[in-house]
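# Results of the structural survey
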Amino acid sequence: MKKIRLGELLDIGKSYFKSEKKLDNKMDLFFKNQFRGDFIFTNRGMTAIQALIEDFNLENSEIIIPNFICSDVFSNLFKHNNIIPKIVDCEKDSFKISLKEVKKKITNKTKAIMIVHTLGIANNPEEFAKFCKKRGLILIENCAHCFHTKYKKEYLGSFGDASIFSFRSKEVRSFVGGMYLNNRRKISEKVRNKLDKFRYKREDLIRAINIFKISNLLSKIRRNVAPNAKFSNVGKKHEIYHIPKIGKALFCYHIENMDILKKKKMALKLYNGLSNKKIKIFISEKEVKEFSARSFPLMLKNRAEVYDKLLKLGLNPGKGWTPTFSENEFAKKKWNLSNTGNAEKYSRELLTISLDEINDKNIAKIVELLDFHKNKERL
Ligand SMILES: Cc1ncc(COP(=O)(O)O)c(C=O)c1O
């Protein structure tokens with residue numbers, strides 16, 4: 001993730017000392033321009049999903065969900081709400097799940113289908129919306145990886161009955177924050193009241209410290225101490241916390257300074273550089289032009305080696321995907337899940353390059369490095 005410069009820190013500080021009402025209005029307006037539904041801001045994407053579960057009474061049901069997902073987050077949510085995950089594999093050479101496979105998992109206990117626009121790539125929201133409407137199922141759009149992304153004429157997040165967003169180090173670099181959007185009706189008083197009950201006072205301080213990369217340092221230590229650690233701890237239930245003021249300030253700073261067009265241009269340049277060298281790319285040109293993700297995905301058999309070399313180029317690539325549902329020690333045992341194939345392979349091979357970090361200079365170096373490794377893999 002790109003480091004925050006001192007100038008940026010001062011701007012964020014200025015934003016923080018604005019009145020909270022001003023920050024609230026700015027965030028409200030930003031989303032009201034995109035969505036017609038009712039929304040609330042939470043401290044995480046995870047707590048936004050907890051709000052959604054309670055708002056739609058999804059406890060004690062079955063939910064269809066991609067196997068390729070942050071399984072530690074969902075194991076916690078599903079365990080504490082007594083929900084059974086019905087996992088679906090990714091399609092070949094794609095993060096998407098297909099409606100055909102989803103249909104095979106529906107039972108009379110299924111209440112909802114969750115599609116995830118992984119890394120900003122839309123998972124056929126129109127097709128799923130039409131199907132769910134016909135079958136009386138709830139369509140949840142997981143927009144944790146996409147932000148302000150138009151798909152055809154609407155923004156991702158407006159196709160489902162409900163959607164969730166995360167502002168934490170994914171598309172928005174806010175370290176804290178999430179949003180729950182109900183496109184069907186007003187969010188219940190039960191959920192709104194809970195939000196007011198749980199205001200996490202210490203969060204501002206914790207998140208402010210995090211700006212100084214404490215979490216990066218901790219994960220570096222973890223990577224060295226236990227490089228192959230598997231997440232299996234589901235922890236305690238997450239209540240629906242309010243977004244703290246620092247999250248609002250960081251969010252407002254982000255929307256004032258975001259440059260989606262520049263990011264798209266860089267993604268396309270990297271795409272063209274790689275395809276000129278005939279390096280296999282996991283996303284299509286159309287998806288690169290459409291998406292607004294933070295990261296560019298690559299699939300690499302020799303991921304560890306490439307990862308180390310990218311670090312040496314001064315980049316901070318991502319390879320830390322939490323295990324798929326079927327590989328999560330807790331989930332596997334609790335719900336008797338078996339492997340699905342593609343998802344496990346992708347989670348082993350996926351390496352992401354942050355679009356914030358690439359520029360004309362290092363694109364050439366990245367292409368050169370991947371070209372070298374492509375030839376090595378062939379030998
Ligand atoms: C697809 C997906 N959904 C939900 C979440 C949860 O978001 P948060 O980290 O803000 O709780 C994540 C987090 O990694 C995610 O990747």
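These notes cover the structure that comes with them. (Residues numbered from 1 in each chain as written. Predicted model: local features only at pLDDT ≥ 70, side-chain atom pairs only at ≥ 80, totals over all residues. Heavy atoms only, no water.)

## As for the pattern of salt bridges
One pass over the structure, following the stated rule, counts 20 salt bridges. The partner of Lys-280 in a salt bridge is Asp-93, and the shortest N-O contact between them spans 3.6 Å. One end of the pair, Lys-280, is in the loop between helix H11 (260–276) and helix H12 (285–290); the other, Asp-93, is in the loop between strand E3 (84–88) and helix H5 (99–104), with 187 residues separating them in the sequence. According to the relative accessible area criterion, Asp-93 is partly exposed, its value standing at 36%. The structure contains a network of salt bridges with shared partners spanning Glu-54, Lys-194, Lys-237 and Glu-239. (Salt bridge = Lys/Arg side-chain N within 4 Å of Asp/Glu carboxyl O. Helix = DSSP H or I, 4+ residues; strand = E, 2+ residues; numbered from the N terminus. Buried < 20%, exposed > 50% of the residue type's maximum accessible area, 1.4 Å probe, protein only.)

## Thoughts on the packing of helix H2 (residues 20–32) against helix H10 (residues 245–257)
Orientation of H2 relative to H10, taken along the N-to-C sense of each, is 50°, at an axis distance of 10 Å. In terms of axis orientation, H2 runs oblique to H10. Remark: the crossing between H2 and H10 carries left-handed chirality. From H2, Glu-20, Leu-23, Asp-24, Lys-26, Met-27, Phe-30 and Phe-31 reach across to H10, where they touch Lys-245, Lys-248, Ala-249, Phe-251, Cys-252, Ile-255 and Glu-256. (Axes fitted to C-alpha atoms, helices over the stretch in contact; angles between N-to-C directions. Parallel < 35°, antiparallel > 145°, perpendicular 65-115°, else oblique. Left-handed = near helix turned anticlockwise from the far one by under 90°. Contact = heavy atoms within 4.5 Å.)

## Section: helix H6 (residues 125–135)
Buried within H6 are the following residues: Pro-125, Phe-128, Phe-131 and Cys-132. End-on view of H6: buried residues confined to an arc of 130°, all on one side of the axis. Among the exposed residues of H6, those pointing more than 90 degrees away from its buried face are Lys-130, Lys-133 and Lys-134. Where H6 is buried, its residues meet H5, strand E4 (110–116), strand E5 (138–142) and strand E6 (150–151). Looking one or two residues past H6, Gly-136 carries a phi angle of roughly 70°, positive in sign. (Arc of directions from axis to C-beta.)

## Some remarks on the environment of Phe-128
Looking at where Phe-128 falls in the secondary structure, it is placed in helix H6. Judged by its relative accessible area of 0%, Phe-128 falls in the buried class. Taking the C-alpha atoms as reference, Phe-128 lies 9.8 Å from Glu-141; in sequence the two are 13 residues apart. Contact partners of Phe-128, with chain neighbours within four places excluded, come to Ile-97, Ser-98, Leu-99, Val-102, Ile-113, Ile-115, Asn-123 and Leu-139.

## Comments concerning the site of the ligand
Around the ligand sit 12 residues, and of these Arg-44, Gly-45, Met-46, Asn-142 and Ser-166 come closest. In the environment of the ligand, an oxygen atom lies 2.9 Å from a nitrogen or oxygen atom belonging to the side chain of His-145. The fraction of the free accessible surface of the ligand (390 Å²) that becomes covered by protein chains is 91%. Classifying every residue of the shell around the ligand gives 5 nonpolar, 4 polar and 3 charged. (Near = heavy atom within 4 Å. Polar contact = N/O pair within 3.5 Å; in protein donor to acceptor, adjacent residues only side chain to side chain. Areas by Shrake-Rupley, 256 points an atom, 1.4 Å probe, with all protein chains shown as cover. Nonpolar A, V, L, I, M, F, W, Y, C, P; charged D, E, K, R; others polar.)

## Examining H11
Over its 17 residues, H11 runs 24 Å from end to end, which matches the ideal 24 Å to within 8%, given 1.5 Å per residue. What H11 keeps buried is the set Ile-260, Lys-263, Met-266, Ala-267, Leu-270, Tyr-271, Gly-273 and Leu-274. The buried residues of H11 all sit within an arc of 165° when viewed along its axis, so they share a single face. More than 90 degrees from the buried face of H11, the exposed residues found are Leu-261, Lys-265 and Asn-276. Lys-278, located one to two residues past H11, shows a positive phi value of around 60°. (Expected span 1.5 Å × (residues − 1).)

## Here we look at the sheet that holds strand E8 (residues 162–166)
Read from one edge of the open sheet, 7 strands run E1-E9-E8-E5-E4-E2-E3, paired in mixed fashion. What marks the edges here is a single partner per strand, and that holds for strand E1 (38–42) and E3. Averaged over all pairs of adjacent strands, the angle between their axes in this sheet comes to 20°, without regard to strand direction. As defined by bridge partners, E5 adjoins E8 across 3 bridges and the pair is classed as parallel. By the bridge assignment for E8, Asn-142 is matched with Ile-164. Relative to E1, H2 is tilted by about 135°, and along the sheet it contacts E1 and strand E9 (178–182). In the packing of helix H4 (residues 71–80) onto the sheet, contacts are made with strand E2 (62–66), E3, E4 and E5, and the angle to E2 comes to roughly 175°. (Pairing = 2+ DSSP bridges.)

## Quick word on the side chain of Glu-54
Here Glu-54 lies in helix H3 (residues 45–55). Looking at Glu-54, the relative accessible area reads 5%, which means it is buried. In contact with Glu-54, not counting residues within four places along its chain, are Glu-59, Lys-190, Val-191, Lys-194, Lys-237 and Ile-240.

## Side note on the pairing of E5
Of all 5 residues in E5, 5 are buried, a share of seventy percent or more. Where burial is concerned, the two faces of E5 agree: the one with Ile-138, Ile-140 and Asn-142 and the one with Leu-139 and Glu-141 are both buried. Summarising the sheet, E4 and E5 pair through 5 bridges and their orientation is parallel. Opposite Ile-113, over in E5, you have Leu-139 as the bridge partner.

## Some points on the packing of aromatic side chains
Counting across every chain of the model gives 24 aromatic pairs. Aromatic side chains Phe-325 and Trp-335 sit 6.2 Å apart centroid to centroid with 85° between the ring planes, which places their arrangement in the edge-to-face category. Linking Phe-325 in the loop between helix H13 (303–312) and helix H14 (329–335) with Trp-335 in helix H14, this pair joins segments that are 10 residues apart in sequence. Of the two residues, Phe-325 and Trp-335, neither departs from the other in class, the shared state being buried. Following the ring pairs from residue to residue traces out a cluster consisting of Phe-30, Phe-31, Phe-35, Phe-39, Phe-41, Phe-147, Tyr-155, Phe-165, Phe-167 and Phe-251. Positioned over the ring face of Tyr-307 is Lys-319, at 4.4 Å from the centre of the ring. (Phe/Tyr/Trp six-rings, centres within 6.5 Å; stacked < 30°, edge-to-face > 60°. Lys NZ or Arg CZ within 6 Å of the ring centre and 35° of its normal.)

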